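As a plain string of letters, each chain reads:
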Amino acid sequence: MKHLLLGNEAIAYGALSAGVAVAAGYPGTPSSEIIETLLEFKDRKVYWASNEKTAVELAYGAALAGARALAAMKHVGLNVAADPFHSAAYTGVVGGLLIVTADDPHMWSSQNEQDTRWYGLQSYIPVLEPSEPQEAFKMAKDGLALSESLEHPVLLRSTTRVSHVRAPVVVEPPAPPKFGKFSRDVERYVLVPQNARRRRADVLRKWELLKDFSARFMSVEGEGDVTVVASGVGYLYAVEALERLGVKARIVKIGMSVPLSKKVVDVVTDEVVVVEEGDPVVETQLRVMGIKTKGKIDGFFPQSGELSLRAVVEGLSKALGLGVKLADPAKPTLQPPPRPPYLCPGCPHMGTFYALKLAGAGQKVVWSGDIGCYTLGINTGQQDLATHMGSSIGLGMGIALSDREKLVVATIGDSTFYHAALPQLIDLKTKKIPLVLVVMDNEYTAMTGGQPSPSRAVPAERLMEAIGIKHYVIDPVDVKRSVEVAKRAIAEAKSGEPVALISRRPCVLEALRAARRSGFKPPKYYVVSDRCRSCGICYNLLKCYAITKLPDGKAWIDPSLCNGCSMCAQVCPYDAIKPAEPDKVSKWLELWSQA
Amino acid sequence: MVTSIVIVGVGGQGVMTLARWLGRAAVAAGYDVKIAEVHGLSQRGGSVEVHVRIGERVYAPVVSEGDADYVVAMEAIEALRAFRYLKEEALFVVNKRIIQVPGKYVDPEQVYRALAVHKGLRLVPAFELALKIGDPIYENSVLLGYVAKLLRLDGFVDWLDEKNLRAFEEGRRLASAL
Ligand code: SF4
Ligand code: SF4
């Protein structure tokens with residue numbers, strides 16, 4: 001039976017059919033569906049971890065104890081987990097350890113485009129690279145088996161166009177979970193230098209072995225004077241582009257792109273064209289083997305962004321000297337205005353940013369931001385930087401130390417806070433760095449689809465208490481009080497101490513989901529047109545997405561978008577915004593706060 | 001032969017649902033299919049773009065610019081944005097509906113005029129029909145019926161409920177009137 005599965009779902013089913021017993025991950029687009037899918041299987045131990053490092057450690061530890069284990073994350077997540085990742089190659093594993101990363105070329109929802117296959121080369125961990133969901137299923141399964149047979153971790157590298165493509169997949173039923181028992185082996189597991197040095201020799205030996213294994217994931221298709229080496233989704237584009245160009249070629253399909261099989265030299269002619277997604281990882285290895293290549297290094301294919309059929313047709317045409325140029329795409333006579341991402345109507349972060357904006361008015365503020373829904377504070381000019389998980393406090397502390405004129409307001413969501421900020425809190429306290437830390441606690445990892453965040457079990461104020469950081473808790477939907485408290489926090493930070501503001505209200509989308517289940521419809525708000533004086537506070541300052549500026553400058557609320565948060569009614573100075581059903585207002589705010 | 005379809009709309013309109021329905025029908029009819037969520041599914045109110053490719057064997061997951069046989073737009077401003085995907089002879093199925101971009105009011109008539117530059121334009125009153133059936137959410141069933149008719153795909157009806165089925169039939173009827 002063929003199921004229409006996402007690549008990520010296929011990876012989960014592949015791991016299940018290999019008897020995966022323990023799995024952990026941290027949500028991040030485009031990887032989240034792997035753990036989401038595994039969570040349905042109650043006979044396994046599957047968790048959302050607080051960050052990728054703990055996720056890899058959970059899986060690594062389980063695999064040391066003989067279990068088959070998986071850790072999943074997006075590409076940048078592997079940076080966070082890089083430490084245990086490298087050590088895992090040295091100790092090796094006993095069960096199977098499959099680490100899955102989903103790379104995001106073109107940065108559809110990421111801060112950089114890194115190609116995680118380099119991590120394979122650097123850590124001596126082999127990398128499998130599927131091209132489509134069916135293959136993703138198979139490689140997840142084979143990857144775990146390979147890992148166990150070699151006693152070595154395996155990295156499965158997917159990209160957006162594998163992870164987020166839906167295609168027919170034939171799946172095998174899940175195998176029973178394979179747990180294990182830990183046996184002591186100090187020389188192997190305790191990486192003090194003398195042990196680690198011995199293990200290093202072992203790693204290098206395994207690496208040579210892997211170069212032979214790699215051939216099992218290599219296949220040669222077709223006949224022709226031209227040879228194309230392709231990996232991952234690059235293979236699919238290459239096949240179709242060659243067909244379009246009417247070129248007969250031999251295609252060497254690479255399934256294990258790191259380390260590259262020594263056998264490649266047996267099949268390639270003197271020059272090959274290389275098609276791969278991301279950096280020239282396969283191409284670089286080919287050059288090291290002394291093979292002449294035309295690929296990304298010399299600019300036949302773009303070095304940034306995703307591959308596309310167009311780019312591969314044009315690149316192949318150039319590499320083969322065919323002179324094919326594709327026509328320019330049609331352009332409309334009217335340019336549509338961009339539809340930039342906005343915070344959802346009624347998003348609690350909208351209220352937090354509004355309060356901070358008012359409280360910070362007239363003062364020199366550096367808005368130190370972070371990675372999550374709230375990065376959209378950029379729309380109201382409240383993100384001066386946002387570079388990686390935890391950057392708000394981390395970089396914010398450095399800025400505060402250097403620029404004594406400005407006040408740093410660091411905004412961070414709850415999931416990111418638990419992911420990356422706890423050691424930073426300790427620095428904040430021990431170094432007495434004066435900044436305003438705003439924990440925007442919506443109690444979910446909302447950006448990736450609403451995974452649970454640790455904030456309910458471990459409220460941020462407990463941590464502040466323990467570490468000794470002065471803090472306030474506000475409800476961002478209570479606009480007036482939020483502004484007052486934010487003002488107080490800013491004044492106190494200016495007098496030289498760190499102050500935390502915990503702004504708490506659940507993600508409105510999660511509240512809506514719960515309301516829908518109970519049959520409750522939130523009240524809608526509307527603008528009393530002749531009261532509106534076109535001041536723009538609601539659509540320019542609060543920036544609710546449901547509020548449109550009409551040609552005459554007056555506000556209009558799209559009833560199909562309004563989620564009834566009441567914030568616009570609170571901020572309108574002319575009392576021009578009203579709820580359509582006033583009796584529902586307090587009920588909704590109450591239900592919402594319990595979501 | 002691979003048929004390339006680009007479906008666009010605004011987050012929350014059910015663009016992905018429409019794509020999955022098409023994909024299911026294609027698999028039921030024995031085809032290979034690839035559906036790629038190209039843009040914007042994690043946020044509400046943003047542009048959403050999904051690519052569907054159907055054929056005996058489908059390789060590339062994403063449709064290139066100038067390469068779509070069909071562009072289906074659930075919203076007209078997004079249809080303008082998807083213009084670049086149209087092949088010259090492509091059918092351009094557009095729901096007659098505007099969802100304004102906050103703060104940047106555009107005149108609907110201007111949008112429809114600009115779309116009409118493409119000679120394969122089919123403006124479909126899916127939103128209007130859906131409202132008649134009782135809820136805007138039925139607009140994707142109307143469009144599904146319309147596209148299914150164009151693609152000669154069956155295998156939908158057994159899993160659509162009564163109202164969606166009605167919307168679906170309305171869509172088919174509109175397409176047969178061509
Ligand atoms: S805040 Fe009030 S007066 Fe100002 S534009 Fe909005 S509705 Fe009109
Ligand atoms: S009540 Fe006002 S601010 Fe809240 S979602 Fe509705 S329109 Fe937006």
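See the structure above.
Here the structure is a predicted model, which is why all the values come from computation and not from measurement.

**Notes on the overall build of chain A**
- The helix and strand tally for chain A stands at 24 helices and 25 strands.
- Taking 2.2 N^0.38 as the reference for a compact globule, 595 residues should give roughly 25 Å; the C-alpha atoms of chain A span a radius of gyration of 27 Å, in line with that estimate.
- Dimensions of chain A, computed from C-alpha atoms along their principal axes, come out at roughly 80 × 65 × 50 Å.
- Excluding contacts between residues fewer than 6 apart, the proportion of contacts in chain A whose partners are at least 24 apart in sequence is 76%.
- For chain A, the computed accessible surface area is about 23300 Å², with 55% contributed by carbon and sulfur atoms.
- Of the charged side chains in chain A, 70 are positive and 63 negative; the average position of the first set lies 3 Å away from that of the second.

**Remarks on the nonpolar core**
Residues and elements named next belong to chain A.
- Within the largest apolar cluster, 96 residues are counted, with the highest numbers of intra-cluster contacts made by Leu 38, Leu 70, Leu 97 and Leu 316.
- Other than its neighbours up to four places away in sequence, Leu 316 contacts Val 228, Ala 238, Ala 241, Leu 242, Leu 245, Val 273 and Phe 301.
- Counting residues in each nonpolar core, the second largest holds 84 residues, with Leu 501, Val 508, Met 567 and Ala 595 among its members.

**Notes on the side chain of A:Thr445**
All names here are of chain A.
- In this structure, Thr 445 sits in strand β18 (residues 444–445).
- A polar side-chain atom of Thr 445 sits 3.0 Å from a polar atom in the side chain of Ser 415.
- Setting aside residues no more than four positions away along its own chain, Thr 445 makes contact with Tyr 26, Pro 27, Ser 415, Gly 450, Gln 451, Pro 452 and Ser 453.

**Quick word on the site of ligand 2**
- Neighbouring ligand 2 are 14 residues; A:Cys544, A:Cys562, A:Cys565, A:Ser566 and A:Cys568 lie closest to it.
- Of the residues in the shell around ligand 2, the class split is 10 nonpolar, 4 polar and no charged.

**A short note on the packing of helix α18 (residues 422–430) of chain A against helix α19 (residues 460–467) of chain A**
Residue and element names in this part refer to chain A.
- The geometry of α18 relative to α19 is characterised by a closest axis approach of 10 Å and an angle of 40° between their N-to-C directions. Taken together, α18 and α19 sit at an angle that is classed as oblique. At the point where α18 passes α19, the crossing takes the right-handed sense. Residues Leu 422, Leu 425, Ile 426 and Lys 429 of α18 pack against Leu 463, Met 464 and Ile 467 of α19.
- Residues that form the contact of α18 with α19 fall into these classes: 6 nonpolar, no polar and 1 charged.

**Looking at the pattern of salt bridges**
Residues and elements named next belong to chain A.
- In total, this model carries 53 salt bridges over all chains according to the counting rule given.
- Two residues, Asp 142 and Lys 138, come together in a salt bridge whose shortest N-O distance is 2.7 Å. Separated by 4 residues within a single helix, Asp 142 and Lys 138 lie in helix α7 (residues 133–150), roughly one turn from each other.
- For the salt bridge of Lys 578 with Asp 575, the shortest nitrogen-to-oxygen distance reads 3.2 Å.

**Considerations on the layout of surface pockets**
Residue and element names in this part refer to chain A.
- The volume enclosed by the second largest pocket comes to roughly 470 Å³.
- Elements supplying a minimum of two residues to the lining of the second largest pocket: α4 (77–80), α17 (414–420) and β18.
- Per element, the largest residue contribution to the lining of the second largest pocket is 5 residues, and it comes from α17.
- Split into classes, the residues belonging to the lining of the second largest pocket amount to 13 nonpolar, 18 polar and 3 charged.

**Points about the pairing of strand β7 (residues 154–159) of chain A**
Residues and elements named next belong to chain A.
- In terms of burial, β7 is largely enclosed, as 6 of its 6 residues are buried.
- Neither face of β7 is exposed, since Val 154, Leu 156 and Ser 158 on one face and Leu 155, Arg 157 and Thr 159 on the opposite face are all buried.
- In terms of strand pairing, strand β5 (residues 96–103) meets β7 through 6 bridges, oriented parallel. If you follow Ala 102 over to β7, its bridge partner there is Ser 158.
- With 2 bridges joining them, strand β6 (residues 127–128) and β7 adopt parallel strand pairing. Bridge pairing in β7 places Leu 128 opposite Leu 156.

Rules of the game
Residues numbered from 1 in each chain as written. Chains lettered and ligands numbered in written order. Predicted model: local features only at pLDDT ≥ 70, side-chain atom pairs only at ≥ 80, totals over all residues. Heavy atoms only, no water. Helix = DSSP H or I, 4+ residues; strand = E, 2+ residues; numbered from the N terminus. Rg over C-alpha atoms; globule rule 2.2 N^0.38 Å. Contact = heavy atoms within 4.5 Å. Areas by Shrake-Rupley, 256 points an atom, 1.4 Å probe, with all protein chains shown as cover. Lys, Arg positive; Asp, Glu negative; His and termini not counted. Charge placed at Lys NZ, Arg CZ, Asp CG, Glu CD. Core = buried A, V, L, I, M, F, W, Y, C linked by side-chain atoms within 4.5 Å. Buried < 20%, exposed > 50% of the residue type's maximum accessible area, 1.4 Å probe, protein only. Polar contact = N/O pair within 3.5 Å; in protein donor to acceptor, adjacent residues only side chain to side chain. Near = heavy atom within 4 Å. Nonpolar A, V, L, I, M, F, W, Y, C, P; charged D, E, K, R; others polar. Axes fitted to C-alpha atoms, helices over the stretch in contact; angles between N-to-C directions. Parallel < 35°, antiparallel > 145°, perpendicular 65-115°, else oblique. Left-handed = near helix turned anticlockwise from the far one by under 90°. Salt bridge = Lys/Arg side-chain N within 4 Å of Asp/Glu carboxyl O. 1 Å grid on protein atoms, 1.4 Å probe; cavity = no way out; pocket = protein on both sides within 12 Å on 5 of 7 lines; lining within 4 Å. Points joined across faces, edges and corners; volume = space filled by probe spheres on them. Pairing = 2+ DSSP bridges.

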